[in-house]
Amino acid sequence: MIRLIEFGREHFPTVAGWVRSERDLVQWGGPDLTYPLSDHQLEQMVEEGQTTPPSRLCWMAVDVAQTLVGHVQLALDWKNGVARVARVIIAPEVRGRGYASALLESVVKQAFSYDEIERTELNVYSWNAAAVRTYNKVGFSHEGLRRSSVRVGDERWDTAVMGILRHEWEARRL
């Protein structure tokens, strides 16, 4: 249904176009990014993939028609064998069509393709019920909540922590 391709400079305008407000930016990229999303911020993400071993991998998702339908990143903690799914976004015009589940299945498969990775985790804002449902569908379990962890304008958001272990992922594949 989808295929991951390497994220490059040619994709910067597409991703930046999907992030239409400060709220969108924090939801997608966390509180450390600044709105509007700049090429410089995106370039830093790509550069993290150029280390040996890479500390971050970034992909675009394309459908069978080669249309860009999403973006996802994987931060890698090689010392502890942990991958963190990050910065997941589906193109606004194709949301609700099942691309998120397919994208997540692909990125978790990628994470566990490295023998060193024992755990894959992610953070999601607790109010984002659609994302939480999708993560559960893919096999992630709710592990905790960081209350009032992020400020966006006048709002405070709770961050849910979710994870899946290699043996849980492998059991789902049988």
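Because the structure is a prediction, the values reported are computed rather than measured. (Residues numbered from 1 in each chain as written. Predicted model: local features only at pLDDT ≥ 70, side-chain atom pairs only at ≥ 80, totals over all residues. Heavy atoms only, no water.)

Draft legend 1. Seen up close, the nonpolar core. Membership of the largest hydrophobic core comes to 48 residues, with the highest contact counts inside it found for Trp28 and Phe140. Tallying contributions element by element places helix α4 (residues 99–112) first for this core, with eight residues. Apart from the residues lying within four places of it in its own chain, the contact partners of Phe140 are Val85, Val108, Thr120, Glu121, Leu122, Tyr135, Met162, Gly163 and Ile164. (Core = buried A, V, L, I, M, F, W, Y, C linked by side-chain atoms within 4.5 Å. Buried < 20%, exposed > 50% of the residue type's maximum accessible area, 1.4 Å probe, protein only. Helix = DSSP H or I, 4+ residues; strand = E, 2+ residues; numbered from the N terminus. Contact = heavy atoms within 4.5 Å.)

Draft legend 2. Broad picture of the packing of aromatic side chains. Counted according to the given criterion, the structure contains six aromatic pairs. A ring pair is formed by Trp78 and Tyr114, whose centres lie 5.1 Å apart and whose planes are at 90°; its orientation type is edge-to-face. Remark: Tyr114 occurs in the loop between α4 and β5 (119–125) and Trp78 occurs in the loop between β3 (68–77) and β4 (82–90); sequence separation between them is 36 residues. For the ring pair Trp127 and Trp157, a centre distance of 5.1 Å and an interplane angle of 70° mean the geometry is edge-to-face. Remark: Trp157 occurs in strand β7 (residues 155–165) and Trp127 occurs in the loop between β5 and α5 (129–138); sequence separation between them is 30 residues. Residue classification places Trp157 among the buried positions, given a relative accessible area of 2%. Members of the aromatic cluster, connected to one another through ring pairs, are Tyr125, Trp127 and Trp157. (Phe/Tyr/Trp six-rings, centres within 6.5 Å; stacked < 30°, edge-to-face > 60°.)

Draft legend 3. Geometry of the sheet that holds β5. In space, the seven strands of this open sheet follow the order β1-β2-β3-β4-β5-β7-β6, with mixed pairing throughout. The strands lining the two open edges of the sheet, one partner per strand, are β1 (2–6) and β6 (141–152). For this sheet, the mean angle separating the axes of adjacent strands, direction not counted, is 30°. Bridging between β1 and strand β2 (residues 56–63) involves five bridges; their strand directions are antiparallel. (Pairing = 2+ DSSP bridges. Axes fitted to C-alpha atoms, helices over the stretch in contact; angles between N-to-C directions.)

Draft legend 4. Broad picture of the packing of α4 against α5. Running from N to C, α4 and α5 cross one another at 45°; their axes reach a closest spacing of 10 Å. By the criterion of interaxial angle, the relationship of α4 to α5 is oblique. The handedness of the crossing between α4 and α5 comes out as right-handed. Packed against α4, whose contacting residues are Ala100, Ser101, Leu104 and Glu105, the element α5 presents Thr134, Tyr135, Lys137 and Val138 at the interface. Within the contact of α4 with α5, the residues separate by chemical class into four nonpolar, two polar and two charged. (Parallel < 35°, antiparallel > 145°, perpendicular 65-115°, else oblique. Left-handed = near helix turned anticlockwise from the far one by under 90°. Nonpolar A, V, L, I, M, F, W, Y, C, P; charged D, E, K, R; others polar.)

Draft legend 5. Quick peek at the side chain of His11. Here His11 lies in the loop between β1 and α1 (12–18). Residue classification places His11 among the buried residues on the basis of a relative accessible area of 6%. Those residues within four positions of His11 in sequence are excluded, and the remaining contacts are Ile5, Glu6, Met60 and Leu68.

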